[in-house]
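Structure assessment
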Amino acid sequence: MLRGVGALLKGMATTLRLFFSKPITVQYPEQRRDLPRRFRGRHRLTRHENGLERCIGCSLCAAACPADAIIVEASENDPAHPVSPGERYASRYEIDLYRCIFCGECEAACPVDAIVLTPTLVPSDYSRQSFVVNKQDLLEEVSGDPKRPLTESELARRSLSVR
Ligand code: SF4
Ligand code: SF4
């Protein structure tokens, strides 16, 4: 019995100690905690500093994806108005976030560092279709640190509105 009382007092002491300590709960989604830089969350398609898209439509990311979540279709670049520095660019790029397991294999497979996983959480939503993100959803606006979290404006134009 004494052992039981001791355990009870120990539990009460823990409760009291935590009751007066600073809460660690975050009021998500209004408040968002900074995630580690290497966290693998929402994808970003990056650009070169001159504004050209890095992706050359080679589909290596799609081939490496264990969840078969990526679709890439490539088109020839117009030499007068190239979209990317290569001969081809991705005219269609889609990721099905329902399938994605955020393993980072696509990022590792990309020969030009075009697709990266950012420290940004994947939101919830009510529509299955909104989890299929397309190239416009994924493409970075201006070249910057590719591993930074998605910016507010990048989040706003994504199909997934609820964060
Ligand atoms: S993170 Fe993994 S599962 Fe998700 S798209 Fe990339 S390779 Fe596929
Ligand atoms: S993201 Fe990289 S691996 Fe995927 S198609 Fe574009 S260049 Fe190729």
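Our subject is the structure listed above.
Residues numbered from 1 in each chain as written. Chains lettered and ligands numbered in written order. Predicted model: local features only at pLDDT ≥ 70, side-chain atom pairs only at ≥ 80, totals over all residues.

Some words on the overall build of the chain
- Looking only at helices and strands, the chain has 5 helices and 5 strands in total.
- Helices and strands in the chain line up, N terminus first, as α-β-α-β-β-α-β-β-α-α.
- Each of the three principal axes of the chain carries a C-alpha extent, and together these read 85 × 30 × 30 Å.
- A total of 163 residues make up the chain; the buried ones form 22% of that total.
- In the chain, the share of contacts with a sequence separation of at least 24, taken over all contacts with a separation of at least 6, comes to 72%. (Helix = DSSP H or I, 4+ residues; strand = E, 2+ residues; numbered from the N terminus. Buried ≥ 20, exposed ≤ 12 C-beta atoms within 10 Å, placed from the backbone. Contact = placed C-beta atoms within 7 Å.)

Regarding the site of ligand 1
- The environment of ligand 1 is formed by 14 residues, the closest being Cys65, Cys100, Cys103, Glu105 and Cys106.
- Split by residue class, the shell around ligand 1 holds 12 nonpolar, 1 polar and 1 charged. (Near = placed C-beta within 6 Å. Nonpolar A, V, L, I, M, F, W, Y, C, P; charged D, E, K, R; others polar.)

With respect to the site of ligand 2
- Within the structure, ligand 2 sits among 14 residues, and Cys55, Cys58, Cys61, Cys110 and Ala114 are positioned closest to it.
- Grouping the constituent residues of the shell around ligand 2 by class yields 12 nonpolar, 2 polar and no charged.

A few points about the sheet that holds strand β5 (residues 132-133)
- Ordered by their spatial adjacency, 3 strands build an open sheet running β2-β3-β5, and the pairing between neighbours is antiparallel. Bordering the open sheet on either side are β2 (70-76) and β5, each of which pairs with just one other strand.
- Pairing between β2 and strand β3 (residues 88-96): 7 bridges, direction antiparallel. The residue of β3 that forms the bridge with Ile71 is Glu94. (Pairing = 2+ DSSP bridges.)

Topic: the pairing of β3
- Alignment of β3 against β5, held across 2 bridges, turns out to be antiparallel. Across the sheet, Asp96 pairs through a bridge with Val132, a residue of β5.

With respect to the nonpolar core
- Of all hydrophobic cores here, the largest spans 21 residues; its most connected members are Cys55, Ile70 and Ile115.
- Those elements giving two or more residues to this core turn out to be β2, β3 and β4 (115-117).
- Among the elements that take part in this core, β3 stands out by supplying 4 residues, more than any other.
- Setting aside anything within four residues of it in sequence, one finds Ile70 in contact with Cys61, Ala62, Cys65, Ile95 and Cys106. (Core = buried A, V, L, I, M, F, W, Y, C linked by C-beta atoms within 7 Å.)

Some words on the environment of Tyr98
- With respect to the element layout, Tyr98 can be found in the loop between β3 and α3 (105-109).
- A count of 13 C-beta atoms within 10 Å places Tyr98 in the partly exposed class.
- Once residues lying within four places of it in the same chain are set aside, the contact partners of Tyr98 are Arg128 and Phe131.

So, the environment of Pro119
- Note on placement: Pro119 falls in the loop between β4 and β5.
- For the pair Pro119 and His43, spaced 76 residues apart in the sequence, the C-alpha separation amounts to 9.0 Å.
- Excluding residues within four positions of it along the chain, Pro119 makes contact with Leu35, Pro36, Arg37, Phe39, Gly41 and Pro149.

Describing unusual backbone geometry
- For Asp68, which is not glycine, the phi dihedral falls at a positive 55 degrees.
- Within the fold, Asp68 resides in the loop between α2 (60-64) and β2.
- Even without being a glycine, Asp113 presents a positive backbone phi close to 55 degrees.
- Positionally, Asp113 belongs in the loop between α3 and β4.

Concerning the environment of Arg88
- Examined against the element boundaries, Arg88 turns out to sit in strand β3.
- Arg88 has contacts with Ile56, Gly57, Ala74, Ser75, Glu76 and Asn77, leaving out every residue within four places of it along the chain.

Note that all results are geometric; they support no functional claim without further evidence.
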